[in-house]
Amino acid sequence: MWDFDGTLFDTYPSLVEGFMNLSQKELDRSEVLNWLKIDSKTAFKHYGIDEDQRGEYQKLHNQYSKLDSRPFDHLEDVLSAVENNIIVTHRDKESTIFLLEKFHLAKYFKEIVSVEEQGFTRKPHSASYESVLKNHPIHLVVGDRDLDLIPARKLKIKTVAFQNQNIEADFHIDTYADFIPLVLNPLQATKQNPLDF
């Protein structure tokens, strides 16, 4: 199971751009990025932005990400090596599908769960993960923030932290070139069937 923003696609530049536009202030981009990497709720609170503006933030972020965001290098190699890829994201489904199709990656995913759009509580609440588990066997969750991995740990699913050494995870990688040798191969050596993500 995969997070989208910052895990499959490098959308942080567009997240920052959307946040800067929303704030209507001159903010330090790297500081904004550090807060957003915790989570947007924390960033809103830190900068005194009302939660009522979340819809506008999503709209701005989605607009920028459609123009500028790209998948991380070597991602397609990883996706093609795995049988059952699922996305659980705070992003809306339309913009998620748009980006996957733009880069010809949609074919690798069995399901996309847009957490709030589908009525789930935002991560790190585990309801969206529990829903996926009813229909798909999931053995690994990949995310770039702790809020992506907390529900997996609660549900006893192995975790991979992507480009974030500062969060608890079973595996830490900085590039998807390392995913197959350092994560997939060791896990498959212990299982009979291909892994489902």
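Residues numbered from 1 in each chain as written. Predicted model: local features only at pLDDT ≥ 70, side-chain atom pairs only at ≥ 80, totals over all residues. Heavy atoms only, no water.

**Side note on the packing of helix α4 (residues 54-68) against helix α6 (residues 93-102)**
Taken N-terminus to C-terminus, the directions of α4 and α6 make an angle of 5 degrees; their axes are 10 Å apart at the nearest point. By the angle between their directions, the pair α4 and α6 is classed as roughly parallel. From α4, N62, S65, K66 and L67 reach across to α6, where they touch E94, S95, F98, L99 and K102. Looking at side-chain class alone, the contact of α4 with α6 contains three nonpolar, three polar and three charged residues. (Axes fitted to C-alpha atoms, helices over the stretch in contact; angles between N-to-C directions. Helix = DSSP H or I, 4+ residues; strand = E, 2+ residues; numbered from the N terminus. Parallel < 35°, antiparallel > 145°, perpendicular 65-115°, else oblique. Contact = heavy atoms within 4.5 Å. Nonpolar A, V, L, I, M, F, W, Y, C, P; charged D, E, K, R; others polar.)

**Points about the pattern of salt bridges**
Evaluated as defined, the whole model comprises 11 salt bridges. Across the pair E116 and R122 runs a salt bridge whose closest N-O atoms are separated by 2.8 Å. For E116, a relative accessible area of 33% corresponds to the partly exposed category. Note that K154 and E130 form a salt bridge whose closest N and O atoms lie 3.9 Å from each other. Of this pair, K154 sits in helix α8 (residues 146-154) while E130 sits in helix α7 (residues 127-135); the two residues are 24 residues apart in sequence, bridging distant segments of the chain. (Salt bridge = Lys/Arg side-chain N within 4 Å of Asp/Glu carboxyl O. Buried < 20%, exposed > 50% of the residue type's maximum accessible area, 1.4 Å probe, protein only.)

**Side note on the side chain of R54**
Along the chain, the position of R54 falls in helix α4. Residues contacting R54, with those up to four places away along its chain left out, are S40, K41, F44, E116 and R122.

**Observations concerning the pairing of strand β3 (residues 85-89)**
Buried residues dominate β3, accounting for five of its five residues. Residues N85, I87 and T89 of β3 are buried on one face, and the alternating residues I86 and V88, pointing to the opposite face, are buried as well. Relative to strand β4 (residues 109-114), β3 runs parallel, the two sharing five bridges. Each residue of the ladder has a partner; that of N85, found in β4, is F109. In this view, the connection linking β3 to its parallel neighbour β4 by way of α6 has right-handed handedness. (Pairing = 2+ DSSP bridges. Right-handed = clockwise from strand over helix to strand, strands pointing away.)

**Some points on the environment of I138**
Along the chain, I138 falls in the loop between α7 and β5 (140-143). Since its relative accessible area comes to 8%, I138 is described here as buried.

**Here's the deal with the sheet that holds strand β7 (residues 171-173)**
The strand order across the open sheet formed by three strands is β5-β6-β7, and the pairing between neighbours is parallel. Looking along the sheet, the strands with just one partner apiece sit at the ends: β5 and β7. The mean angle between the axes of side-by-side strands here comes to 20 degrees, regardless of whether they run parallel or antiparallel. Pairing analysis gives three bridges linking strand β6 (residues 158-162) to β7, with the strands arranged parallel. Within β7, the position partnered with F162 by the bridge is I173. Running at roughly 160 degrees to β7, helix α9 (residues 179-188) makes contact with β5, β6 and β7 of the sheet.

**A look at the nonpolar core**
Core analysis: the largest hydrophobic core is formed by 28 residues, its most contacted members being W2, L8, Y176 and F179. Sorting the residues of this core by element identifies α5 (75-80), α6, β4, β5, β6, β7 and α9 as the ones contributing at least two each. For this core, the element with the highest residue contribution is α9, accounting for four residues. Residue contacts for Y176: discarding those within four places in its chain leaves W2, T7, L8, F72, D73, H74, L75, V78, V142 and F162. Residues Y12, L22, V32 and L60 belong to the second largest nonpolar core, which totals 16 residues. (Core = buried A, V, L, I, M, F, W, Y, C linked by side-chain atoms within 4.5 Å.)

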